[in-house]
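A structural walkthrough
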Amino acid sequence: MSDSFFPEAQAGSYINVILPIAIPKAYTYQIPPSLESVPLQPGMRVEVPFGKNKIYAAMVTEVHDRPPEVYKAKTILSVIDEEPIIFPVQLKLWQWMASYYGCTLGEVMNAALPNGFKLASETILMLSPVYD
């Protein structure tokens, strides 16, 4: 049993996550069989693909067994944290801030987390050794 402030994660094949971008809702991702043994809990970060070429560190808000009805869930790439990095009171504060300031939960998450906790894909251009 962990010393987490969150209740123990329920068994499930899906998670809802907050992405650190200005989108109006949480997204559902599938937990791949290779990561089902990892005890995911709300407040932990996972690495997820978003769009065609982007990868983000997303915050888990719920573990469940309900697939999304409107789209096919992508799978998470990896689990970043061994235990939650935010507490339930912080998530409630983020929800209040998003409502009060009229912004998205992802924007609040992006502002609240230190840079070391953020992960966003970048495009790196490198000169080929073939060209001078």
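Further up the page is the structure itself.
Only a predicted model underlies this, so the values are computations on that prediction, with no experimental measurement involved.

Attention now goes to the packing of aromatic side chains. Inspection of every chain in the model, using the stated rule, returns 6 aromatic pairs. Taken together, a centroid distance of 5.3 Å and an interplanar angle of 80 degrees make the contact between tyrosine 27 and phenylalanine 50 edge-to-face. With tyrosine 27 in strand E2 (residues 27-30) and phenylalanine 50 in strand E3 (residues 45-50), this residue pair connects regions lying 23 residues apart in the sequence. Note on phenylalanine 50 and tyrosine 56: the rings are 6.4 Å apart at their centroids and 65 degrees apart in plane angle, and the pair reads as edge-to-face. With relative accessibility at 12%, the residue tyrosine 56 sits in the buried group. In textbook terms, an aromatic cluster arises when at least three aromatic residues are bridged by ring pairs, as seen for Tyr27, Phe50, Tyr56 and Tyr71. One Lys or Arg, lysine 25, reaches over the ring of tyrosine 27 and ends 4.9 Å from the middle of that ring.

Cut-offs used in this document
Residues numbered from 1 in each chain as written. Predicted model: local features only at pLDDT ≥ 70, side-chain atom pairs only at ≥ 80, totals over all residues. Heavy atoms only, no water. Phe/Tyr/Trp six-rings, centres within 6.5 Å; stacked < 30°, edge-to-face > 60°. Helix = DSSP H or I, 4+ residues; strand = E, 2+ residues; numbered from the N terminus. Buried < 20%, exposed > 50% of the residue type's maximum accessible area, 1.4 Å probe, protein only. Lys NZ or Arg CZ within 6 Å of the ring centre and 35° of its normal.

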